[in-house]
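Breakdown of the fold
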Amino acid sequence: MGIKHVTRILWKWLAITILSGLCVLFLRQFVVGSYQISTDAMLNALQRGDYILVNKCFSWQGIQRNRIVLFTSPLATDSLASPILISRIVGLPGDTIEVNAQGYRINGQAFSRSPLTVSSYRVGASIQPQVAELMKRFSIPNRSTTASLLRLTDFEPYQLREELSPEQQSQLTLQSAIATDYQLVVPMGHFWVLGDNTTAAVDSRYVGFIPADHIVGIAFFCWYSHDPRRNLKSIY
C-alpha cells in the first residue's frame, strides 16, 4: 500500500469526521438540543438533574397551551448574558388572564394554584413552640428565618390547625399570598408562561410576556433521570 493511497484514506476519514461534526452541530443548534434541568421550577413534571430533548424546529403559531418550553428573558437587563429558563405555556396570543391568590383564569376558565406554591403566615408568640414541634412531627420544612413568619404550602396550614385549639388557630394567620390580583391580555406574537413550582420558577410573573423569538424550543422527551420511572418518557 503506497503512501499516496494511505494519505487519501486519511483525508477521506478526516473529511467524514468534519462533516459529521458539522451535521451534529447543525442539528443541535437548529433541530434538536439536549439540556439538563438545573432548577426545581417544573416539579413534579421534571426534576433537577433530568436530561431532556428540546425541539428547536417549530413555528410559534403551532405552540400549544400546557407545553413545556425553554426560553430566554426579554428584559433588557438580561439581554447580555440571559440564562435559559423553563416554564409551561399558560397564555396564548389574545388570551385574557386573571391572576389572584386562589390561582388564575384563562378566558374565564379557572385553574388552581400549584400545590407547591407557598404563602406567608404570621404565628403568634404563644403558639410558636407548639407550631415548631408540629412542623417536626409532620416533616414540614422550615422555609423561614424567624419563628413568627412561616412560609407554608396550601395543605400545611390545614395540618397545623387540626392540632390547634380554635383560640390557637386564630394566631396562625395568612399574611400574604405569592400571587397578586391583576388581569392582562397576551399580545400577538407573545406568550405568558408559568412554572409548575411557582415558588422556585422565574416566569412571566417576573419577566413579563415572552416574545416568540425568545422561545428556544419545546421540551418533548426525557432521555435520562435519576428517577428510573422518568427515563425514556415523553414530557407533558
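The sections below set out a description of the structure shown in this document. (Residues numbered from 1 in each chain as written. Predicted model: local features only at pLDDT ≥ 70, side-chain atom pairs only at ≥ 80, totals over all residues. Heavy atoms only, no water.)

Within the sequence span of helix H2 (residues 128-137), burial applies to Val131, Leu134 and Met135. Projected down its long axis, H2 shows its buried positions confined to an angular sector of 100°, all on one face. Exposed side of H2, more than 90 degrees from the buried face: Pro129, Glu133, Lys136 and Arg137 are the residues found there. Buried residues along H2 sit against strand E8 (118-123), strand E9 (149-153) and helix H3 (156-161). At the exit of H2 stands Ser139, carrying a positive phi of roughly 55°. (Buried < 20%, exposed > 50% of the residue type's maximum accessible area, 1.4 Å probe, protein only. Helix = DSSP H or I, 4+ residues; strand = E, 2+ residues; numbered from the N terminus. Arc of directions from axis to C-beta. Contact = heavy atoms within 4.5 Å.)

Of note, Asp203 is situated in the loop between strand E12 (190-194) and helix H5 (204-207). Looking at Asp203, its side chain comes within polar contact range of the main-chain nitrogen of Gly195, at 3.0 Å. Each residue touching Asp203, except ones within four places of it in the same chain, is listed here: Phe71, Ser87, Val193, Leu194, Gly195 and Gly208. (Polar contact = N/O pair within 3.5 Å; in protein donor to acceptor, adjacent residues only side chain to side chain.)

Now for the packing of aromatic side chains. On inspection of all chains with the given rule, the structure shows three aromatic pairs. With centroids separated by 5.1 Å and ring planes inclined at 45°, the aromatic side chains of Tyr51 and Trp223 adopt a geometry described as tilted. On the criterion of sequence distance, the pair formed by Tyr51 in strand E2 (residues 51-55) and Trp223 in strand E14 (residues 215-224) is long-range, its members being 172 residues apart. Since its relative accessible area comes to 38%, Trp223 is described here as partly exposed. (Phe/Tyr/Trp six-rings, centres within 6.5 Å; stacked < 30°, edge-to-face > 60°.)

Turning to the environment of Phe138, a few remarks are in order. Relative to the assigned elements, Phe138 resides in the loop between H2 and E9. Note on Phe138: relative accessible area 26%, which makes it partly exposed. The sequence separation of Phe138 and Leu160 amounts to 22 residues, and the corresponding C-alpha distance is 8.6 Å. Residues contacting Phe138, with those up to four places away along its chain left out, are Gln159 and Glu163.

Another aspect to go through is a nonpolar patch on the surface. A cluster of nonpolar side chains, Ile9, Trp13 and Ile16, forms an exposed patch at the surface whose accessible area comes to about 290 Å². Topologically, Trp13 is positioned in helix H1 (residues 3-30). Taking the relative accessible area as the measure of exposure, Trp13 reaches 55% and is therefore exposed. (Patch = residues over 30% accessible without salt bridge, like charges linked within 9 Å, V, L, I, M, F, W, Y side chains within 5 Å. Areas by Shrake-Rupley, 256 points an atom, 1.4 Å probe, with all protein chains shown as cover. Salt bridge = Lys/Arg side-chain N within 4 Å of Asp/Glu carboxyl O.)

Looking now at unusual backbone geometry. Backbone geometry places Asn66, a non-glycine residue, at a positive phi of 80°. Counting through the fold element by element, Asn66 comes out in the loop between E2 and strand E3 (68-72). Classification of Asn66 by relative accessible area gives partly exposed; the value is 43%. The backbone of Ser139 shows a phi angle near 55°, a positive value even though the residue is not glycine. Summarising the element assignment, Ser139 is placed in the loop between H2 and E9. Looking at Ser139, the relative accessible area reads 61%, which means it is exposed.

Before going further, it helps to spend a moment on the side chain of Asp196. With respect to the helices and strands, Asp196 occurs in the loop between E12 and H5. A residue is classified by how much of its surface remains accessible, and Asp196, at 19% relative accessible area, is buried. Side-chain polar atoms of Asp196 contact the side chain of Arg88, separated by 2.7 Å.

Counting residues in hydrophobic clusters, the biggest one holds 14 residues, and the most contacted among them are Leu46, Ile52, Ile68, Leu70, Ile86 and Ile235. Those elements that provide at least two residues to this core are E2, E3 and E14. Here Leu46 is in contact with Ile37, Ile52, Ile68, Ile86, Arg230 and Ile235, once residues within four sequence places are set aside. Grouped together as the second largest cluster of nonpolar side chains are 13 residues, Ile89, Leu92, Ile210 and Ala212 included. (Core = buried A, V, L, I, M, F, W, Y, C linked by side-chain atoms within 4.5 Å.)

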